[in-house]
Structure formats: C-alpha cells, structure tokens
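# A structural walkthrough
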Amino acid sequence: MNKAGRKGWYCTWKCKMSLVLTGTILMCYGVGLSVSSAESQVRSGQVMEPIITKQASIEIPGSGSASGHTSSDSTADQSKHKRMAIIIDDAGNDMKGTSEILATPVKLTLAVMPFLPTTKKDAIAAHEKGMDVIVHMPMEPKKGRPEWLGPGAITSNLTDQEVRERVEKAIDEVPYAVGMNNHMGSKITSDKRIMSIVLDVCRERGLFFVDSRTNFRSVVGEVAIAKNMPPVGNDIFLDDHNSKQHIRKQMELAAQRALDKDVCVVIGHVGHTGLNTSAVVHESVSRLKDQIEFVGISDLVRDVWHWQAEPKLPTDSK
C-alpha cells in the first residue's frame with residue numbers, strides 16, 4: 001500500500017473510532033441520567049409502586065389487615081375486615097336498657113353479673129338472640145363502695161382456694177358463658193396472684209378473659225400471654241359520662257379506631273346510662289353497618305387471636 005493509501009485508510013479508521021467513542025459516551029450519560037432520576041425519586045419520597053404493593057400485603061398479627069382485597073373491592077366486602085365488638089356490662093339485675101340492648105339488630109356481647117335476680121333470664125335471652133354471653137365478674141376496686149360490687153366478688157383478702165371457688169361458682173351461675181370480664185376490679189386486675197388463678201379457672205372451663213381496663217397498671221394481658229390465652233382488652237368506654245352527646249362522641253372514636261386498626265372493642269352499660277347507651281348503639285349500628293361489621297367478642301378471639309377453647313373441666317353453665 002502506497003503512502004497516499006495508508007493515509008486514507010488511517011483517516012477512515014479514525015473517523016469510525018470517533019463515532020464509536022461518541023456513541024459510548026452518550027449511552028453512559030443516558031444511564032447516568034436514569035440512575036440520577038431514580039435516586040432523586042427515592043430521596044424525595046416517591047417510592048416505586050412495586051414496593052408499595054409489597055408492603056401493603058404484609059400481615060400484621062392481630063390487625064386483620066392482610067385480607068387479600070384490593071381497592072376495587074366493594075364497601076360491603078371491606079366492612080367485613082373492619083369489625084367492632086360491643087360489650088354491654090351490668091346485665092343480670094333487670095337494669096334499665098336491658099330489653100333495648102337485647103333488641104339491637106346486630107350481634108353484641110352481654111356481660112351478665114352472677115347471683116342476681118335476672119342473671120339466668122338475661123343470659124338465656126342474649127343467647128337466644130344470637131349474642132355472646134360472658135360472666136361479668138365482680139372484683140374489688142381501689143376506690144368505690146363495697147355494695148357496688150354485688151355478691152360473690154373477688155377481693156384481695158381471699159385465699160387462693162377461695163378465689164378459685166368463687167370464679168367457678170360464677171361461671172356455673174351464668175348460662176352459655178363463653179368468656180369473662182371484670183366488673184370494677186381496678187385493685188384485683190393489678191394483682192398477679194389473683195389474676196393468675198382467675199385465668200387458670202377460665203382456661204380450664206374453656207373461657208377467655210376480657211380486661212375491662214379499669215386500671216392502666218393491669219397485669220391481665222401479661223398473665224394471659226404467659227398462659228397462652230388471648231390478651232383481649234377494652235379499647236373505649238362508651239358511657240363514662242351519661243349523656244347521648246358524649247356517648248355519640250365515644251362511638252365515633254370507636255368507629256374511627258375500627259376503620260384505622262381493623263378491630264375495636266368497646267364497653268357500654270345497662271342501668272344508670274342504659275337508656276342513653278342503648279339509644280345511641282341502635283342509631284350508630286344503623287348508620288355504620290355498611291362500613292363496620294358488628295361481631296361478638298368470641299369472633300375476635302377466634303379470628304384475631306386465633307384462640308380456641310380447650311376446656312379441661314366440665315361446666316354447668318350450658
């Protein structure tokens with residue numbers, strides 16, 4: 001190849017290499033822009049959709065949020081995963097509001113005090129209406145009149161055997177009982193010795209225990225977990241003040257909690273507040289029934305805490 005040919009070939013090769021290098025630089029620049037854009041999205045909080053979808057499907061124990069339903073589900077389907085258990089305390093003594101509560105067109109839970117004139121009548125009536133029945137066990141408070149307790153109460157001066165006998169008798173006294181909660185009891189629910197015995201008897205008889213949470217220092221949840229029992233507790237008192245306005249406000253708080261947390265346990269009463277409480281419960285369930293499913297406390301114990309009764313001793317309560 002002569003000198004002129006070699007020069008022409010060299011120029012052609014140089015031009016081709018320049019084009020290749022230019023293309024490579026442009027490609028690298030484009031990748032850099034893409035990476036830079038992705039980083040800026042992460043830094044600005046714009047998380048990518050696949051991550052959101054994956055996070056939304058993570059099951060949170062006890063929340064009931066991992067339903068497998070998407071945003072396209074109907075409101076009726078979603079309401080099945082927003083549940084509220086309303087427990088009504090102080091039944092068993094023909095108290096105001098009892099018949100109105102029993103006429104509520106959704107499933108409630110009636111907490112019936114033992115050893116009172118209408119104990120069996122109220123428990124049977126609730127069961128026949130398809131409601132849950134639990135024993136409303138009288139327990140000593142830190143403050144309060146002794147006569148408010150009612151017969152057969154658990155007090156701090158009882159021996160272990162006396163506590164056991166009183167709990168067993170109370171369970172036998174309330175037909176169809178599937179669980180128990182405390183009537184008053186701010187002193188007893190902070191006593192590990194006594195609550196350990198109470199929960200032992202409940203477990204032996206196939207009952208769970210609902211902490212009414214009359215004392216923020218309660219040990220009930222801790223003791224229940226240690227015994228492989230569900231740590232069920234009250235979230236909101238509906239009628240700590242006796243006015244429809246206040247009860248409506250509490251019911252709104254309960255509904256919002258059910259929508260946010262998927263489940264909510266609330267407690268109301270017959271008696272002094274009974275007529276106001278029953279009236280607000282009726283109007284509330286009618287208004288909220290398309291958003292929230294009203295269930296018995298046993299439904300939550302089964303579905304949220306995955307607990308099933310395994311009684312070891314016979315019971316005369318059914």
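Residues numbered from 1 in each chain as written. Predicted model: local features only at pLDDT ≥ 70, side-chain atom pairs only at ≥ 80, totals over all residues. Heavy atoms only, no water.

A separate point is the overall build of the chain. Helix and strand counts for the chain stand at 11 helices and 9 strands. Relative to its 318 residues, the chain shows a buried fraction of 42%. Long-range contacts, defined here as pairs at least 24 residues apart, represent 75% of the contacts in the chain between residues at least 6 apart. For the chain, the exposed surface amounts to about 17,400 Å²; the carbon and sulfur share of it is 55%. (Helix = DSSP H or I, 4+ residues; strand = E, 2+ residues; numbered from the N terminus. Buried < 20%, exposed > 50% of the residue type's maximum accessible area, 1.4 Å probe, protein only. Contact = heavy atoms within 4.5 Å. Areas by Shrake-Rupley, 256 points an atom, 1.4 Å probe, with all protein chains shown as cover.)

Turning our attention to helix α6 (residues 160-173). For α6, which comprises 14 residues, the first-to-last C-alpha distance of 20 Å matches the rise-based estimate of 20 Å (1.5 Å per residue) to within 8%. Residues of α6 that are buried include every one of V163, R164, V167, A170, I171 and E173, and no others. For α6, the elements touching its buried residues are α5 (119-128), β3 (132-139), β4 (177-184) and α7 (192-204). (Expected span 1.5 Å × (residues − 1).)

Caution applies to low-pLDDT regions: their predicted coordinates should not be interpreted in detail. Averaged over all residues, the pLDDT of the chain equals 81, while 73% of them reach at least 70. In this model, residues 2-79 is a region of pLDDT below 50 whose contacts with residues beyond four sequence positions or in other chains number 25 contacts. (pLDDT = per-residue confidence, 0-100.)

Phi at D90 takes a positive value of approximately 75°, unusual for a residue other than glycine. Within the secondary structure, D90 sits in strand β1 (residues 83-91). Judged by its relative accessible area of 15%, D90 falls in the buried class. The backbone of H306 sits at a positive phi, close to 55°, despite the residue not being glycine. Here H306 is to be found in the segment after α11 (297-303).

In summary, the side chains of a regular strand alternate between the two faces of the sheet. For β1, the buried fraction is high: 9 of the 9 residues fall into the buried class. In this structure, β1 lies alongside strand β8 (residues 263-269), joined through 7 bridges in parallel fashion. For I86, the partnering residue across the bridge sits in β8 and is V266. Of the pairings in the sheet, the one linking β1 to strand β9 (residues 293-295) comprises 3 bridges and is parallel in character. Bridge pairing links M84 to F294 in β9. Across 3 bridges, the pairing between β1 and strand β2 (residues 109-112) is parallel. Across the sheet, A91 pairs through a bridge with V112, a residue of β2. (Pairing = 2+ DSSP bridges.)

What follows covers the packing of aromatic side chains. Going through the model one piece at a time under the given rule, you end up with 1 aromatic pair. With 6.3 Å between their ring centres and 90° between their planes, F208 and W307 make a pair best called edge-to-face. Highlighted residues: F208 in strand β5 (residues 208-211) and W307 in the segment after α11, separated in sequence by 99 residues. In terms of burial, F208 and W307 fall into one category: buried. (Phe/Tyr/Trp six-rings, centres within 6.5 Å; stacked < 30°, edge-to-face > 60°.)

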